[in-house]
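Structure at a glance
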Amino acid sequence: MTQSTKFWDKIAEKYAKQPIADEAAYQKKLAVTRDYLRPDMEVLEIGCGTGATALLHAPYVKHIRAIDFSENMIAIAQGKAEAEHIDNVTFEQATIEDLDMPDQSRDAVLALSILHLLRDKEAAIARVYQMLKPGGIFVTSTACIGDAMGWFKLIVPIGRFLGFFPFVAVFTSQALADSLTNTGFELDYQWQPSQDKAVFIVAKKPG
Ligand SMILES: C[S@@+](CC[C@H](N)C(=O)[O-])C[C@H]1O[C@@H](n2cnc3c(N)ncnc32)[C@H](O)[C@@H]1O
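Scope of this entry: the structure provided in the associated data block.

The rules behind the values
Residues numbered from 1 in each chain as written. Predicted model: local features only at pLDDT ≥ 70, side-chain atom pairs only at ≥ 80, totals over all residues. Axes fitted to C-alpha atoms, helices over the stretch in contact; angles between N-to-C directions. Helix = DSSP H or I, 4+ residues; strand = E, 2+ residues; numbered from the N terminus. Parallel < 35°, antiparallel > 145°, perpendicular 65-115°, else oblique. Left-handed = near helix turned anticlockwise from the far one by under 90°. Contact = placed C-beta atoms within 7 Å. Pairing = 2+ DSSP bridges.

The interhelical angle for the contact between helix α5 (residues 121–131) and helix α7 (residues 173–183), taken along N-to-C directions, is 40°, at an axis separation of 10 Å. Viewed along their axes, α5 and α7 adopt a mutual orientation that is oblique. Regarding α5 and α7, the two cross each other, and that crossing is right-handed. Residues Lys 121, Glu 122, Ile 125, Ala 126 and Tyr 129 of α5 lie in contact with α7, whose contacting residues are Ser 179, Leu 180 and Thr 183.

See the structure below:
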């Protein structure tokens with residue numbers, strides 16, 4: 001078990017109970033995503049946490065495979081799926097880095113509040129590109145701390161050292177957009193509710 005897995009396992013129950021920080025922005029992201037979804041779609045969600053978003057999108061697609069490396073997050077997500085009688089979402093404990101997924105097999109991949117937590121986001125973006133079918137979409141919501149005020153950039157490493165934060169990568173929204181387009185994605189939709197909020201991007205693999 002890595003230090004980051006322990007962090008997420010420890011906070012899983014609290015995370016599940018936390019109210020959404022910006023409900024209006026969350027609802028808008030759900031609605032924009034839903035416009036891209038189709039009933040025959042095979043979807044992957046990486047870093048699904050306690051499964052709330054996957055369960056909300058489930059009625060609009062064929063199947064969602066939702067993964068997270070935290071055992072406790074996955075246990076909560078599975079409990080919710082059972083309670084809500086949703087059977088087209090498979091929650092699974094797995095890391096993004098070691099995920100076994102055939103190339104060109106997914107119509108959509110969701111990565112919400114996760115790319116900034118990865119040590120190698122470029123590798124993850126390249127892997128997502130491979131697993132998407134031509135015309136497939138990559139929906140991301142990412143904290144771009146590189147755009148934030150200087151003091152916040154300092155707090156992140158201090159918080160990590162004290163064990164308050166997991167690993168958090170520092171990059172700008174422009175760097176994220178460049179990573180996506182350099183991999184081959186076309187940016188189809190981009191929205192940031194305000195400068196201190198996560199950047200929401202829907203990127204398309206050319207068809
Ligand atoms: C900030 S939470 C976001 C959860 C959910 N996507 C949401 O929007 O509420 C990040 C999640 O990513 C998971 N995670 C972080 N690094 C991961 C990795 N390398 N592989 C799989 N899951 C990871 C954590 O366990 C945590 O549940």
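The next subject is the sheet that holds strand β7 (residues 199–204). The sheet built from 7 strands is open, its strands ordered β3-β2-β1-β4-β5-β7-β6 with mixed pairing. The open sheet is flanked by β3 (89–93) and β6 (186–191), the only strands paired with a single partner. For this sheet the average axis-to-axis angle between neighbouring strands, irrespective of direction, equals 15°. With 6 bridges joining them, strand β5 (residues 132–142) and β7 adopt antiparallel strand pairing. When the bridges of β7 are listed, Phe 138 appears paired with Ala 203. Strands β1 (42–46), β4 (106–112) and β5 of the sheet are contacted by α5, whose axis makes an angle of about 145° with β5.

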